[in-house]
Amino acid sequence: MSLHLTPDGPMYRVYGAGKGKSTSVLLELNMAARVAMQVWYVEQAGGDLYLNEGNRPRGVSSDRNARSSSQTASGESTQYFQHGRYLRGETPSAINPDVRDSNHTGGRALDSNAPTARDMRLRAEGAYLAGLVFNVPSESWHQEPLATPRESLASWIKFVQGETETANPSPAKPPPAKPNPNRLKEIPTMFLATENDVPKNT
């Protein structure tokens, strides 16, 4: 975890789990703590979680015409670029930055990829633990911090800020290696991903 000062404010880098450990995103502090908890949950169960996008700059209006993120004015994915993709039918939804800012712009949203059905289930359980909600029906990869975490965020905030080396929500009770069907019944459908859990142009 590391602090990055961006035009959108201070952001913290969080890394993925398992085979996705080399992927990372920048998020505001509260969101970073939640995602770190989710990643821990997936990692402890031996799952894979790829973090594709967190903080996304607004960019400039000409980014709408770029065909890849490397062709934007800043050379990275921006909200204008994503809105252009939406207008071309390349992604199911994207907020128009001329109307309002996306939660991605403030580092308060995460796009992630769980490559198998088991990984999707672990991600959903980790999201439930961290109070992350899959709130965009057309984007099974998009999560926002809209629910109350099932565990305190205090130790996770310290972990993300680099004040502690570990922050386990329940160190004595790691998640089961095999899914618990009774536990899954507790998870509202809004937290569950769909089988089309692969974002375009990641």
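Everything here concerns the structure above.
Residues numbered from 1 in each chain as written. Predicted model: local features only at pLDDT ≥ 70, side-chain atom pairs only at ≥ 80, totals over all residues. Heavy atoms only, no water.

A. Spatial organisation of the overall build of the chain. Helix and strand content of the chain: five helices and six strands. Element order for the chain, N to C, with α for helix and β for strand: β-β-β-α-β-α-β-α-β-α-α. Of all intrachain contacts in the chain linking residues separated by at least 6 positions in sequence, the fraction that spans at least 24 positions is 60%. If you sum the accessible surface of the chain, you get close to 9800 Å²; carbon and sulfur atoms cover 51% of it. (Helix = DSSP H or I, 4+ residues; strand = E, 2+ residues; numbered from the N terminus. Contact = heavy atoms within 4.5 Å. Areas by Shrake-Rupley, 256 points an atom, 1.4 Å probe, with all protein chains shown as cover.)

B. Focus on the pattern of salt bridges. Under the definition given, this model contains eight salt bridges. The partner of Lys 21 in a salt bridge is Glu 43, and the shortest N-O contact between them spans 3.4 Å. Pair noted here: Lys 21 is in the loop between strand 2 (9-15) and strand 3 (24-27) and Glu 43 is in helix 1 (residues 29-44), with a separation of 22 residues, a long-range link. Salt-bridge contacts for Arg 88 lead to Glu 90; the nearest nitrogen and oxygen are separated by 2.9 Å. On the basis of relative accessible area, Arg 88 is assigned to the partly exposed category, the value being 27%. (Salt bridge = Lys/Arg side-chain N within 4 Å of Asp/Glu carboxyl O. Buried < 20%, exposed > 50% of the residue type's maximum accessible area, 1.4 Å probe, protein only.)

C. Highlighting the nonpolar core. Ranked by internal contacts, the top residues of the largest apolar core, which has 31 residues, are Val 14, Leu 27, Val 35, Val 39, Leu 49, Leu 51 and Trp 156. Of all the secondary structure elements, the ones that give two or more residues to this core are strand 2, strand 3, helix 1, helix 3 (117-130) and helix 4 (154-160). Take this core: its biggest share by element is 10 residues, from helix 1. Those residues in contact with Val 39, other than ones at most four positions away along the chain, are Val 14, Tyr 15, Gly 16, Ala 17, Leu 49 and Leu 51. (Core = buried A, V, L, I, M, F, W, Y, C linked by side-chain atoms within 4.5 Å.)

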